[in-house]
Amino acid sequence: MTTYQQLETGIVACQIELTNTCPLTCAECAYVHQTRPKGHMAFDLFQLVVDGCLEAFGPISFNLNGLGEPLSYPHLAKAIRYLGSHNPTGRIELFTSLATSIERAEEVADALLSVPNNVLLASTIHSYGVDGEIMKQAHKAGPVLSLFREKFSDVSRIDFHVAMNRTTFTTDEQVDGFKNGFLPMFGEEKTHVVEKLDRWLGYVDGMAGPGGYSDVTSPGVCDYPFKVLHVAWNGDVLICCTDDVNGELKLGTITEKSDILRLWNSGPYQEIRARHNALDVKGLAPCDRCGRTVGYVNR
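Draft legend 1. Main features of the overall build of the chain. Counting its secondary structure elements, the chain contains eight helices and nine strands. Taken against the 2.2 N^0.38 rule, which gives 19 Å for 299 residues, the C-alpha radius of gyration of the chain at 19 Å falls within 12% of a compact globule. In terms of principal-axis extent, the alpha carbons of the chain reach across some 50 × 45 × 35 Å. Residues counted as buried form 53% of the 299 residues belonging to the chain. Within the chain, contacts between residues separated by at least 24 positions form 73% of all contacts whose residues are at least 6 apart in sequence. For the chain, the computed accessible surface area is about 13,000 Å², with 51% contributed by carbon and sulfur atoms. Mean positive and mean negative side-chain charge positions of the chain (26 and 36 charges, respectively) differ by 2 Å.

Draft legend 2. Expanded view of the packing of aromatic side chains. All chains considered together, the criterion is met by 11 aromatic pairs. Seen from their ring centres, Phe43 and Phe46 are 5.6 Å apart, and the 25° between their planes marks the pair as stacked. Taken together, the residues span about one helical turn, with Phe43 and Phe46 both in helix α1 (residues 43–57) at a distance of three residues. Here Phe43 matches Phe46 in class, with each residue buried. An aromatic cluster is present here, built from Phe148, Phe152, Phe160, Phe178, Phe182 and Phe186 joined pairwise through their rings. Its end group placed over the ring of Tyr31, Lys38 keeps NZ or CZ at 5.4 Å from the ring centre.

Draft legend 3. Representation of the sheet that holds strand β2 (residues 61–63) in the model. As summarised here, the arrangement of the nine strands in space is β6-β5-β4-β3-β2-β1-β7-β8-β9, forming an open sheet in which the pairing is mixed. Both outer strands of the open sheet, β6 (191–194) and β9 (250–253), are each paired with one neighbouring strand and no more. For this sheet, the mean inter-axis angle between neighbouring strands, taken without regard to orientation, is 25°. With two bridges joining them, β2 and strand β3 (residues 92–96) adopt parallel strand pairing. Opposite Phe62, over in β3, you have Ile92 as the bridge partner. Contacting β1 (13–16), β2 and β7 (228–231), α1 crosses the sheet at an angle of about 170° to β1. On the sheet, helix α4 (residues 141–152) packs against β3, β4 (119–125) and β5 (158–165) and is oriented at approximately 155° with respect to β4.

Draft legend 4. Quick peek at the side chain of Thr242. When you line up the elements, Thr242 lands in the loop between β8 (236–238) and β9. A residue is classified by how much of its surface remains accessible, and Thr242, at 9% relative accessible area, is buried. Dropping the residues within four chain positions of it, Thr242 is found in contact with Trp200 and Leu201.

Draft legend 5. The pattern of salt bridges, seen in detail. In total, this model carries 15 salt bridges according to the counting rule given. Between Asp172 and Arg166 there is a salt bridge whose closest N-O contact spans 3.3 Å. With relative accessibility at 49%, the residue Asp172 sits in the partly exposed group. A salt bridge links Arg199 to Asp215; its shortest N-O distance comes to 2.8 Å. On the criterion of sequence distance, the pair formed by Arg199 in the loop between β6 and α6 (224–227) and Asp215 in the loop between β6 and α6 is long-range, its members being 16 residues apart.

Draft legend 6. Examining the layout of surface pockets more closely. What the largest pocket holds in volume is close to 1,200 Å³. Residue lining of the largest pocket: 43 residues in total, with Gly66, Phe95, Asp198, Trp200 and Cys241 positioned closest to the centre. Mapped by element, the contributors of at least two residues to the lining of the largest pocket are β3, β4, β5 and α6. In terms of residue class, the lining of the largest pocket is built from 23 nonpolar, 15 polar and five charged.

Draft legend 7. Just the environment of Asp44, in detail. Mapped onto the fold, Asp44 is located in helix α1. When its relative accessible area of 55% is taken as the criterion, Asp44 is described as exposed. Taking the C-alpha atoms as reference points, Asp44 and Cys222, separated by 178 residues in sequence, lie 32 Å from one another.

Draft legend 8. Structural context of the pairing of β5. Burial within β5 is extensive, with seven of its eight residues counted as buried. Sheet topology places β4 next to β5; seven bridges connect them, and they run parallel. By the bridge assignment for β5, Ala122 is matched with His161. Inspection of the sheet shows β5 paired to β6 by four bridges, in the parallel sense.

Conventions adopted
- Residues numbered from 1 in each chain as written.
- Predicted model: local features only at pLDDT ≥ 70, side-chain atom pairs only at ≥ 80, totals over all residues.
- Heavy atoms only, no water.
- Helix = DSSP H or I, 4+ residues; strand = E, 2+ residues; numbered from the N terminus.
- Rg over C-alpha atoms; globule rule 2.2 N^0.38 Å.
- Buried < 20%, exposed > 50% of the residue type's maximum accessible area, 1.4 Å probe, protein only.
- Contact = heavy atoms within 4.5 Å.
- Areas by Shrake-Rupley, 256 points an atom, 1.4 Å probe, with all protein chains shown as cover.
- Lys, Arg positive; Asp, Glu negative; His and termini not counted.
- Charge placed at Lys NZ, Arg CZ, Asp CG, Glu CD.
- Phe/Tyr/Trp six-rings, centres within 6.5 Å; stacked < 30°, edge-to-face > 60°.
- Lys NZ or Arg CZ within 6 Å of the ring centre and 35° of its normal.
- Pairing = 2+ DSSP bridges.
- Axes fitted to C-alpha atoms, helices over the stretch in contact; angles between N-to-C directions.
- Salt bridge = Lys/Arg side-chain N within 4 Å of Asp/Glu carboxyl O.
- 1 Å grid on protein atoms, 1.4 Å probe; cavity = no way out; pocket = protein on both sides within 12 Å on 5 of 7 lines; lining within 4 Å.
- Points joined across faces, edges and corners; volume = space filled by probe spheres on them.
- Nonpolar A, V, L, I, M, F, W, Y, C, P; charged D, E, K, R; others polar.

This is the structure in C-alpha coordinates:
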(Lines give C-alpha, C1' and ligand atoms only; values in the text may rest on other atoms or scores of the structure.)
Protein backbone atom coordinates (compact mmCIF):
# COMPACT_ATOMS: atom_id res chain seq x y z
CA MET A 1 0.00 0.00 0.00
CA THR A 2 1.33 3.42 -0.98
CA THR A 3 1.96 5.74 1.93
CA TYR A 4 2.01 9.51 1.92
CA GLN A 5 2.80 12.34 4.31
CA GLN A 6 -0.05 14.33 5.76
CA LEU A 7 0.62 18.06 6.05
CA GLU A 8 0.41 20.47 8.96
CA THR A 9 -0.80 24.04 8.64
CA GLY A 10 2.04 26.55 8.61
CA ILE A 11 1.97 29.55 6.29
CA VAL A 12 5.13 30.36 4.35
CA ALA A 13 3.83 32.88 1.82
CA CYS A 14 1.03 35.22 0.88
CA GLN A 15 0.26 35.31 -2.83
CA ILE A 16 -1.29 38.60 -3.86
CA GLU A 17 -3.03 38.97 -7.20
CA LEU A 18 -2.22 42.62 -7.87
CA THR A 19 -4.22 42.52 -11.09
CA ASN A 20 -6.13 40.02 -13.18
CA THR A 21 -5.60 41.96 -16.40
CA CYS A 22 -3.11 41.04 -19.11
CA PRO A 23 -2.49 42.23 -22.69
CA LEU A 24 -1.57 38.72 -23.86
CA THR A 25 -3.59 35.66 -24.90
CA CYS A 26 -1.12 32.83 -24.42
CA ALA A 27 -1.89 29.28 -25.48
CA GLU A 28 -0.72 27.85 -22.15
CA CYS A 29 -2.79 30.18 -19.96
CA ALA A 30 -6.46 30.05 -18.93
CA TYR A 31 -6.71 33.86 -18.91
CA VAL A 32 -9.12 33.97 -21.86
CA HIS A 33 -11.56 31.74 -19.92
CA GLN A 34 -11.70 34.06 -16.92
CA THR A 35 -15.18 35.18 -15.89
CA ARG A 36 -14.33 37.24 -12.79
CA PRO A 37 -14.56 41.04 -13.00
CA LYS A 38 -11.20 42.49 -13.99
CA GLY A 39 -9.36 45.16 -12.07
CA HIS A 40 -6.30 46.30 -10.13
CA MET A 41 -5.90 45.97 -6.37
CA ALA A 42 -6.33 49.30 -4.59
CA PHE A 43 -3.00 50.22 -3.05
CA ASP A 44 -4.51 50.76 0.39
CA LEU A 45 -5.89 47.21 0.23
CA PHE A 46 -2.40 45.96 -0.71
CA GLN A 47 -0.97 47.72 2.33
CA LEU A 48 -3.72 46.27 4.54
CA VAL A 49 -3.02 42.72 3.32
CA VAL A 50 0.74 43.06 3.82
CA ASP A 51 0.40 44.62 7.26
CA GLY A 52 -2.22 42.11 8.32
CA CYS A 53 -0.09 39.15 7.23
CA LEU A 54 2.97 40.48 9.04
CA GLU A 55 0.97 41.05 12.22
CA ALA A 56 -0.60 37.59 12.00
CA PHE A 57 2.35 35.50 10.84
CA GLY A 58 5.55 37.53 11.13
CA PRO A 59 8.01 37.79 8.21
CA ILE A 60 6.90 35.64 5.28
CA SER A 61 7.41 35.63 1.52
CA PHE A 62 5.14 37.61 -0.77
CA ASN A 63 4.37 36.33 -4.24
CA LEU A 64 3.00 39.18 -6.36
CA ASN A 65 1.27 37.06 -8.97
CA GLY A 66 -2.09 35.80 -10.09
CA LEU A 67 -3.73 35.14 -13.43
CA GLY A 68 -2.88 38.65 -14.66
CA GLU A 69 0.43 40.21 -15.70
CA PRO A 70 1.95 41.90 -12.61
CA LEU A 71 3.76 44.46 -14.77
CA SER A 72 0.28 45.69 -15.74
CA TYR A 73 -0.28 46.82 -12.14
CA PRO A 74 0.23 50.60 -12.06
CA HIS A 75 1.54 50.57 -8.46
CA LEU A 76 3.96 47.64 -8.77
CA ALA A 77 7.10 49.66 -8.06
CA LYS A 78 5.45 51.28 -5.03
CA ALA A 79 4.28 47.85 -3.82
CA ILE A 80 7.82 46.45 -4.05
CA ARG A 81 9.21 49.39 -2.08
CA TYR A 82 6.49 48.96 0.53
CA LEU A 83 7.51 45.33 1.02
CA GLY A 84 11.15 46.36 1.22
CA SER A 85 10.47 48.79 4.04
CA HIS A 86 7.94 46.66 5.97
CA ASN A 87 9.16 43.10 5.38
CA PRO A 88 12.87 43.39 4.45
CA THR A 89 13.75 39.82 5.43
CA GLY A 90 10.96 38.20 3.41
CA ARG A 91 11.35 37.05 -0.17
CA ILE A 92 9.56 38.70 -3.09
CA GLU A 93 8.52 36.49 -6.00
CA LEU A 94 7.55 37.95 -9.36
CA PHE A 95 6.64 35.97 -12.48
CA THR A 96 6.23 38.05 -15.60
CA SER A 97 5.66 37.67 -19.33
CA LEU A 98 7.46 40.99 -19.84
CA ALA A 99 4.40 42.56 -21.46
CA THR A 100 4.96 46.19 -20.57
CA SER A 101 6.66 49.37 -21.66
CA ILE A 102 10.34 50.03 -21.12
CA GLU A 103 9.36 52.92 -18.85
CA ARG A 104 7.30 50.65 -16.57
CA ALA A 105 10.04 47.99 -16.62
CA GLU A 106 12.69 50.56 -15.67
CA GLU A 107 10.57 51.75 -12.76
CA VAL A 108 10.07 48.20 -11.49
CA ALA A 109 13.75 47.31 -11.93
CA ASP A 110 14.83 50.35 -9.93
CA ALA A 111 12.37 49.41 -7.18
CA LEU A 112 13.74 45.86 -6.99
CA LEU A 113 17.26 47.22 -6.75
CA SER A 114 16.27 49.59 -3.95
CA VAL A 115 14.98 46.95 -1.51
CA PRO A 116 17.04 44.53 0.62
CA ASN A 117 14.80 41.51 -0.05
CA ASN A 118 15.88 38.38 -1.84
CA VAL A 119 13.93 38.23 -5.11
CA LEU A 120 12.88 35.41 -7.41
CA LEU A 121 12.20 37.00 -10.79
CA ALA A 122 11.11 34.60 -13.53
CA SER A 123 10.40 35.78 -17.07
CA THR A 124 8.49 33.61 -19.52
CA ILE A 125 8.84 34.05 -23.26
CA HIS A 126 5.70 33.04 -25.14
CA SER A 127 5.73 32.16 -28.81
CA TYR A 128 2.12 31.70 -29.80
CA GLY A 129 -1.28 33.11 -28.84
CA VAL A 130 -4.59 31.27 -28.72
CA ASP A 131 -5.97 33.65 -31.33
CA GLY A 132 -3.71 32.02 -33.91
CA GLU A 133 -1.40 35.00 -34.28
CA ILE A 134 2.00 35.84 -32.92
CA MET A 135 1.08 37.90 -29.89
CA LYS A 136 0.82 41.59 -30.64
CA GLN A 137 2.71 42.57 -27.49
CA ALA A 138 5.51 40.01 -27.86
CA HIS A 139 7.85 42.49 -29.54
CA LYS A 140 8.17 44.30 -26.22
CA ALA A 141 9.60 41.26 -24.44
CA GLY A 142 13.06 41.52 -25.97
CA PRO A 143 13.89 45.07 -24.83
CA VAL A 144 12.40 44.47 -21.36
CA LEU A 145 14.35 41.23 -20.95
CA SER A 146 17.54 42.96 -22.03
CA LEU A 147 16.90 45.72 -19.51
CA PHE A 148 16.33 43.23 -16.67
CA ARG A 149 19.44 41.27 -17.61
CA GLU A 150 21.54 44.42 -17.63
CA LYS A 151 20.15 45.56 -14.29
CA PHE A 152 20.24 42.23 -12.42
CA SER A 153 23.07 40.16 -13.87
CA ASP A 154 25.48 41.03 -11.05
CA VAL A 155 22.93 41.26 -8.21
CA SER A 156 23.14 37.95 -6.36
CA ARG A 157 20.03 38.46 -4.22
CA ILE A 158 17.91 38.74 -7.38
CA ASP A 159 17.53 35.23 -8.78
CA PHE A 160 16.63 35.96 -12.39
CA HIS A 161 15.37 33.11 -14.57
CA VAL A 162 14.06 33.01 -18.13
CA ALA A 163 11.76 30.29 -19.46
CA MET A 164 9.88 29.25 -22.56
CA ASN A 165 6.76 27.09 -22.39
CA ARG A 166 6.46 24.43 -25.09
CA THR A 167 2.91 24.23 -26.46
CA THR A 168 1.38 22.39 -29.39
CA PHE A 169 2.15 25.49 -31.45
CA THR A 170 5.82 25.72 -30.49
CA THR A 171 8.23 24.66 -33.21
CA ASP A 172 11.61 23.00 -32.74
CA GLU A 173 13.13 26.00 -34.47
CA GLN A 174 11.67 28.31 -31.84
CA VAL A 175 13.04 26.13 -29.04
CA ASP A 176 16.46 26.05 -30.67
CA GLY A 177 16.36 29.82 -31.12
CA PHE A 178 15.45 30.27 -27.47
CA LYS A 179 18.29 28.04 -26.30
CA ASN A 180 20.83 29.57 -28.66
CA GLY A 181 19.85 33.06 -27.60
CA PHE A 182 19.55 32.67 -23.84
CA LEU A 183 21.78 29.82 -22.70
CA PRO A 184 24.93 31.89 -23.37
CA MET A 185 23.41 34.77 -21.41
CA PHE A 186 22.02 32.98 -18.35
CA GLY A 187 23.47 29.46 -18.29
CA GLU A 188 21.66 26.13 -17.93
CA GLU A 189 20.57 26.65 -14.32
CA LYS A 190 18.56 29.76 -15.16
CA THR A 191 17.37 29.03 -18.71
CA HIS A 192 14.43 26.66 -18.91
CA VAL A 193 12.29 25.08 -21.60
CA VAL A 194 9.13 24.03 -19.76
CA GLU A 195 8.03 20.81 -21.44
CA LYS A 196 4.94 20.06 -19.32
CA LEU A 197 1.94 22.39 -19.10
CA ASP A 198 -0.43 22.94 -16.21
CA ARG A 199 -3.92 21.94 -17.35
CA TRP A 200 -5.48 24.96 -15.64
CA LEU A 201 -8.47 22.84 -14.55
CA GLY A 202 -8.83 21.54 -18.09
CA TYR A 203 -9.14 24.96 -19.71
CA VAL A 204 -5.92 24.50 -21.70
CA ASP A 205 -6.36 20.84 -22.57
CA GLY A 206 -5.19 20.31 -26.12
CA MET A 207 -2.48 22.98 -25.88
CA ALA A 208 0.38 20.82 -24.55
CA GLY A 209 3.35 19.93 -26.69
CA PRO A 210 5.04 16.51 -26.76
CA GLY A 211 5.88 16.78 -23.05
CA GLY A 212 2.22 16.62 -22.06
CA TYR A 213 0.87 17.94 -18.78
CA SER A 214 2.31 18.35 -15.30
CA ASP A 215 -0.28 16.22 -13.50
CA VAL A 216 0.87 14.88 -10.11
CA THR A 217 0.04 11.18 -10.31
CA SER A 218 1.55 10.12 -6.97
CA PRO A 219 -0.60 10.45 -3.82
CA GLY A 220 1.10 13.51 -2.38
CA VAL A 221 -0.98 16.16 -0.62
CA CYS A 222 -1.30 19.54 -2.33
CA ASP A 223 0.42 21.96 0.05
CA TYR A 224 -1.35 25.11 -1.15
CA PRO A 225 -4.17 25.16 1.46
CA PHE A 226 -1.62 24.55 4.22
CA LYS A 227 1.19 26.92 3.22
CA VAL A 228 -0.05 29.78 1.02
CA LEU A 229 -2.75 32.42 1.52
CA HIS A 230 -4.03 33.60 -1.85
CA VAL A 231 -5.68 37.02 -2.04
CA ALA A 232 -7.38 38.20 -5.23
CA TRP A 233 -7.22 41.79 -6.47
CA ASN A 234 -10.56 42.68 -4.82
CA GLY A 235 -9.67 41.17 -1.43
CA ASP A 236 -11.35 37.80 -1.96
CA VAL A 237 -9.45 34.88 -0.43
CA LEU A 238 -9.46 32.04 -2.96
CA ILE A 239 -8.13 28.56 -2.40
CA CYS A 240 -5.18 29.10 -4.78
CA CYS A 241 -4.05 30.91 -7.92
CA THR A 242 -5.41 28.11 -10.12
CA ASP A 243 -8.85 29.19 -8.91
CA ASP A 244 -8.20 32.67 -10.31
CA VAL A 245 -9.94 31.62 -13.52
CA ASN A 246 -13.43 31.75 -12.05
CA GLY A 247 -13.12 31.95 -8.25
CA GLU A 248 -15.02 28.76 -7.49
CA LEU A 249 -13.73 28.24 -3.93
CA LYS A 250 -13.91 31.51 -2.03
CA LEU A 251 -13.07 31.47 1.69
CA GLY A 252 -14.08 35.06 2.43
CA THR A 253 -13.12 38.66 1.74
CA ILE A 254 -10.49 40.77 3.47
CA THR A 255 -11.72 44.20 4.47
CA GLU A 256 -9.66 44.66 7.63
CA LYS A 257 -6.42 43.21 8.97
CA SER A 258 -8.09 40.90 11.47
CA ASP A 259 -9.84 39.08 8.62
CA ILE A 260 -6.56 37.48 7.56
CA LEU A 261 -5.94 35.36 10.65
CA ARG A 262 -9.66 34.72 11.12
CA LEU A 263 -10.05 33.32 7.61
CA TRP A 264 -6.77 31.36 7.69
CA ASN A 265 -7.95 29.55 10.85
CA SER A 266 -11.63 29.34 9.87
CA GLY A 267 -13.71 26.17 9.92
CA PRO A 268 -14.12 25.99 6.13
CA TYR A 269 -10.35 26.27 5.62
CA GLN A 270 -9.76 23.56 8.22
CA GLU A 271 -12.29 21.31 6.53
CA ILE A 272 -10.62 21.78 3.16
CA ARG A 273 -7.24 20.87 4.67
CA ALA A 274 -8.72 17.75 6.23
CA ARG A 275 -10.16 16.74 2.86
CA HIS A 276 -6.77 17.13 1.20
CA ASN A 277 -5.01 15.21 3.95
CA ALA A 278 -7.54 12.42 3.39
CA LEU A 279 -6.77 12.51 -0.37
CA ASP A 280 -10.46 13.02 -0.98
CA VAL A 281 -11.62 16.11 -2.85
CA LYS A 282 -14.58 14.54 -4.63
CA GLY A 283 -17.16 17.26 -5.25
CA LEU A 284 -14.81 19.99 -3.95
CA ALA A 285 -14.47 22.33 -6.92
CA PRO A 286 -12.04 23.30 -8.32
CA CYS A 287 -9.72 20.94 -6.40
CA ASP A 288 -11.51 17.94 -7.91
CA ARG A 289 -10.37 19.00 -11.41
CA CYS A 290 -6.83 20.08 -10.57
CA GLY A 291 -3.71 18.40 -11.91
CA ARG A 292 -2.17 18.52 -8.42
CA THR A 293 -4.79 16.09 -7.06
CA VAL A 294 -4.82 13.53 -9.87
CA GLY A 295 -2.99 11.07 -7.60
CA TYR A 296 -5.53 11.28 -4.79
CA VAL A 297 -6.72 7.71 -4.21
CA ASN A 298 -10.30 8.69 -3.32
CA ARG A 299 -10.76 11.17 -6.13
